[in-house]
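What the coordinates show
Letter by letter, the chains look like this.
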Amino acid sequence: MALIITDECINCDVCEPECPNEAIAQGSEIYEINPVKCTECVGHYETPQCVEVCPVDCIPKDPDNTETDDQLWAKYEKLTGNSRPA
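Residues numbered from 1 in each chain as written. Predicted model: local features only at pLDDT ≥ 70, side-chain atom pairs only at ≥ 80, totals over all residues. Heavy atoms only, no water.

**A look at the overall build of the chain**
The test is simple: For helices the rule is a DSSP run of H or I covering at least 4 residues; for strands it is a run of E covering at least 2, with both sets numbered from the N terminus onward. As a reference, a globule follows 2.2 Å times the number of residues to the power 0.38, and the radius of gyration itself is taken over C-alpha atoms. Only protein chains enter the accessibility calculation, which uses a 1.4 Å probe; a residue whose area is less than 20% of its type maximum is buried, one above 50% is exposed, and one in between is partly exposed.
When its secondary structure is counted, the chain shows 2 helices and 2 strands. Mapped from its N terminus to its C terminus, the chain presents α and β elements in the order β-β-α-α. Taking 2.2 N^0.38 as the reference for a compact globule, 86 residues should give roughly 12 Å; the C-alpha atoms of the chain span a radius of gyration of 12 Å, in line with that estimate. Counting only C-alpha atoms and orienting by the principal axes, one finds that the chain spans roughly 40 × 25 × 20 Å. When the 86 residues of the chain are sorted by exposure, 35% land in the buried category.

This is how it looks when you write it as structure tokens:
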């Protein structure tokens, strides 16, 4: 499932550069995550990097964008052109 940034976001700018898929961008009021690009860092890191650096803990899983691990890997492969390790 993709992640979402809640309205607790303080616009500190630390999450955007950490996203390997460039899924995070400044929205009209707070940063937003594009669910089409968010793989929760599957294929890149063990944990979502935006969650790791967020100082206010405002990046939970998005209940409106539920995805399995296999779906996240498929999205990673489509976005990067890289294959899932055997």
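**Things to note about the side chain of Thr39**
To be explicit about the condition: We define a polar contact as two N or O atoms separated by no more than 3.5 Å, with the added condition that, inside protein, one atom must be a possible hydrogen donor and the other a possible acceptor, whereas residues neighbouring each other in sequence contribute only through side-chain atom pairs. A contact between two residues is defined here by any heavy atoms of the two lying within 4.5 Å.
Within the secondary structure, Thr39 is located in the loop between β2 (31–33) and α1 (49–53). One polar contact links Thr39 to Asn21, side chain to side chain, over a distance of 2.9 Å. The contacts of Thr39, once residues within four sequence positions are left out, are Asn21, His44, Leu72, Lys75, Tyr76 and Leu79.

**Section: the packing of aromatic side chains**
For clarity, the cut-off: Paired rings are identified among Phe, Tyr and Trp, the last through its six-membered ring, by centres lying within 6.5 Å, and are further divided according to the angle between planes into stacked (under 30 degrees), edge-to-face (over 60) and tilted (the rest).
Evaluated as defined, the whole model comprises 1 aromatic pair. Here the aromatic rings of Trp73 and Tyr76 are separated by 5.4 Å at their centres, their planes lie at 85 degrees, and the arrangement is edge-to-face. In this pair, Trp73 and Tyr76 both sit in helix α2 (residues 69–80), 3 residues apart, roughly one turn of the helix. Under the relative-accessibility criterion, Trp73 is labelled buried at 14%. In this structure Tyr76 comes out as buried when scored by relative accessible area, which is 7%.

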